[in-house]
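Structural overview for review
Okay, here's what each chain looks like letter by letter:
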Amino acid sequence: MSDLTHTQLEALKEYTLEDLDCDARFTRFIESSRTAIAIVPEEYGEPRCFAHKAGSGSFGKWIRLHKPQIDVVIIPAHQQIELRSSDFWLPLVYLTQDIALPVYINIASDYIAEKMRNALKGDNPTIHIKAEYQDQKSGTIKRFAFKGDHDALKAVIKKFDINEFMKLK
Amino acid sequence: MSFRAKTSETLFAALESMTERLLDAIDKIEFQVAKELVEKIREFIYQNKNLIPEREKGFLDDLFVLRRYADLAEAHFKTWKSIINGEFTLSWISLQDGLDAIRHIKKFSHLQPPLYEQQLLGLEKIYPYTFFASVGLMVDCYICNICGFDIDSFECPHVVDELYNGTLAQGIPNNVTGMDHVSIVENPKDKRCVVEYEDNSEHFSLLQYLSNALRAEKFRISSFRDVEISKRKVFNPDYVSLGRNEKCYCGSGIKFKKCCIAERELVIDHFDLIFSDSLKPQGRMEELLKAPESLSVESFTQGSKVSLRIL
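Residues numbered from 1 in each chain as written. Chains lettered and ligands numbered in written order. Predicted model: local features only at pLDDT ≥ 70, side-chain atom pairs only at ≥ 80, totals over all residues.

**Re the overall build of chain A**
From N to C terminus, chain A includes 6 helices and 9 strands. In chain A, buried positions account for 36% of the 169 residues. In chain A, the share of contacts with a sequence separation of at least 24, taken over all contacts with a separation of at least 6, comes to 75%. (Helix = DSSP H or I, 4+ residues; strand = E, 2+ residues; numbered from the N terminus. Buried ≥ 20, exposed ≤ 12 C-beta atoms within 10 Å, placed from the backbone. Contact = placed C-beta atoms within 7 Å.)

Shown next as structure tokens:
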């Protein structure tokens, strides 16, 4: 932590890690699947329905293409929501024990970096990331949520080196 | 190497001379000539697509970039043409078309169009649009324009916004089932969805200033570089210094110390229009400053800058 700049430390405020009392969908997933990353739909609309954010599938395909060693699956949904925003809204993902959160955040960062190849001078989109995983020791389901720019995301990655991450768990 | 195939480098070299002629035509405000040149550029790209065999890897993707370059050239001259004609709402659309083209050029080649990028981004700053409407739509799925499968499924091998043999993979909405929300946002995916103002509205006063100066041939379009915006404090001309316990000059009926005592200075937006010295015609910059303006804009020089304050 000591080698982080003040700006990076400020950026770390842009993520949260909370314990979830219960997430039945996640529990079912973790009990029945060995897939490392599952892209899952979220609740939207009125009446509420499960939908993917547009581009969720492309994110999954990108992982398959660039990280072929990582198993990824897209849980189907009947609807998609198109947000028409220049922000990057990555889908909610479930992570099994096979993939550590820092690894996933790195993948997300690589994806964003490639997407930002076409950025114009001054472009600084906000990135939204959500991931759920199960703490190995306590069995608690945790939800990681991040909202910030790419520099802030890189600061989080720097903090989440594997040793820090193990302490966190 | 700016491109994936060697042939494309040769093609682009040939195109560059046409682009130079195009910029010259734009500088002379000969928009009909500019339009014809863009058509020639498109024709040139089309002919080469048919003449050159596709054996070189990446050639079709390069042609996509060249077509977007022609789109950029067209959007660029249309932006300025609309500004000169006082069609500011229309010019915003062309400006966004140009910026979209630059995004593709940067993504799929090593070409850097810095003049266009800086100039169009500079222009973007002086439009009055800061908030945009953004619609959240519910859609059954998106169909891939290349293979026809659901673009978000693994059945479709294409990734959105990537190039496949010169075709950009895009999802076509299949059955829009409803609207989830309409938001007012600062960073939409598409900035064309704006709250419109009349072209003669005071919101366009800086563009009107540029338009007048261009019509009077006070500067060359290619010399326009950027706009820097800052906040400046100026003396409030309406300010009246009174005793603290006297009634305020504004007519509120309350004591000066509890009303406008702190209004001695106003914070206003200050715009610096940045021009390129090398392209600036001698003496023109000075003329620009002397140009009578019907608008409430104060201008003065600072080297290669024209500083503007909306009064």
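**Some thoughts on the environment of Leu123 of chain B**
Residue and element names in this part refer to chain B. Mapped onto the fold, Leu123 is located in helix α5 (residues 114-125). In this structure Leu123 comes out as buried when scored by C-beta crowding, with 23 C-beta atoms within 10 Å. As a C-alpha pair, Leu123 and Lys35 span 88 residues in sequence and 21 Å in three-dimensional space. Residues in contact with Leu123, not counting those within four places in the same chain, are Thr79 and Leu95.

**What about the nonpolar core?**
Among the nonpolar cores identified, the biggest contains 51 residues, and Ile37, Val93, Leu95 and Tyr104 of chain A are the most heavily contacted of them. Among the elements that make up this core, the one with the highest residue count is strand β7 (residues 88-95) of chain A (7 residues). With near-sequence residues (within four places) excluded, Ile37 of chain A lies in contact with Ile63, Ile70, Val72, Val93, Leu95, Ile99 and Tyr104 of chain A. With 48 residues, the next largest nonpolar core counts Leu63, Leu72, Leu95 and Val227 of chain B among its residues. (Core = buried A, V, L, I, M, F, W, Y, C linked by C-beta atoms within 7 Å.)

**What about the sheet that holds strand β6 (residues 79-82) of chain A?**
Spatially, β3(A)-β4(A)-β6(A)-β1(B)-β4(B) is the arrangement adopted by the 5 strands of the open sheet, whose pairing is mixed. Every interior strand has two partners, whereas the edge strands, β3 (42-44) of chain A together with β4 (171-185) of chain B, have only one. Within this sheet the neighbouring strands show an average axis-to-axis angle of 45°, counted without direction. Here β3 of chain A runs beside strand β4 (residues 49-53) of chain A; their pairing, made up of 3 bridges, is antiparallel. (Pairing = 2+ DSSP bridges. Axes fitted to C-alpha atoms, helices over the stretch in contact; angles between N-to-C directions.)

**Some thoughts on unusual backbone geometry**
All names here are of chain B. Positive phi, normally seen in glycine, also occurs at Asp161, with a value near 70°. Its location among the elements puts Asp161 in the loop between β1 (132-144) and β2 (163-164). A count of 16 C-beta atoms within 10 Å places Asp161 in the partly exposed class. One non-glycine residue, Asn175, adopts positive backbone phi at about 65°.

**Overview of the interface of chain B and chain A**
Contacts between the two partners involve 31 residues from chain B, matched on the other side by 26 residues from chain A. If you list the elements that add at least two residues to the side of chain B that touches chain A, you get α4 (88-108), α5, β1 and β4 of chain B. No other element matches the 9 residues that β1 of chain B contributes to the side of chain B that touches chain A. Its residues assigned to classes, the side of chain B that touches chain A comprises 15 nonpolar, 7 polar and 9 charged. The sheet contact formed by β6 of chain A and β1 of chain B spans 3 bridges and is antiparallel. Within β1 of chain B, the position partnered with Ile81 of chain A by the bridge is Met138 of chain B. (Nonpolar A, V, L, I, M, F, W, Y, C, P; charged D, E, K, R; others polar.)

**Examining the domain arrangement of chain B**
Residues and elements named next belong to chain B. Considered domain by domain, chain B is made up of domain 1 (6-125), domain 2 (132-185) and domain 3 (202-310). Every contact between the two is made by 12 residues of domain 1 and, on the other side, 14 residues of domain 3. Put simply, the parts of the chain that give the side of domain 1 that touches domain 3 at least two residues each are α1 (6-27), α3 (59-84) and α5. Top element by residues in the side of domain 1 that touches domain 3 is α5. It accounts for 4 residues. The class makeup of the residues in the side of domain 1 that touches domain 3 is 6 nonpolar, 4 polar and 2 charged. (Domains from an automatic or database assignment.)

**A word on the pairing of β4 of chain A**
Two faces, one strand: in a regular strand the side chains alternate between the faces of the sheet. As defined by bridge partners, β4 of chain A adjoins β6 of chain A across 3 bridges and the pair is classed as parallel. Across the sheet, Ala51 of chain A pairs through a bridge with Gln79 of chain A, a residue of β6 of chain A.

**Some details on the confidence of the model for chain B**
Residues and elements named next belong to chain B. Taken residue by residue, chain B gives an average pLDDT of 83. The fraction at 70 or more is 87%. In the model, residues 278-286 has pLDDT below 50 throughout and makes 14 contacts with residues more than four positions away in sequence or in other chains. Low pLDDT, under 50, characterises residues 288-296; the predicted model gives this stretch 19 contacts beyond four residues in sequence or across chains. Confidence metrics for the complex model read pTM 0.81 and ipTM 0.77. (pLDDT = per-residue confidence, 0-100.)

**Brief notes about the packing of α4 of chain B against α5 of chain B**
Residue and element names in this part refer to chain B. Taken N-terminus to C-terminus, the directions of α4 and α5 make an angle of 140°; their axes are 10 Å apart at the nearest point. When you trace α4 past α5, the crossing you get is left-handed. Counting all contacts with α4, which are made through Leu95, Gly98, Leu99 and Ile102, the residues of α5 involved are Tyr116, Glu117, Leu120, Leu123 and Glu124. Classifying every residue of the contact of α4 with α5 gives 6 nonpolar, 1 polar and 2 charged. (Left-handed = near helix turned anticlockwise from the far one by under 90°.)

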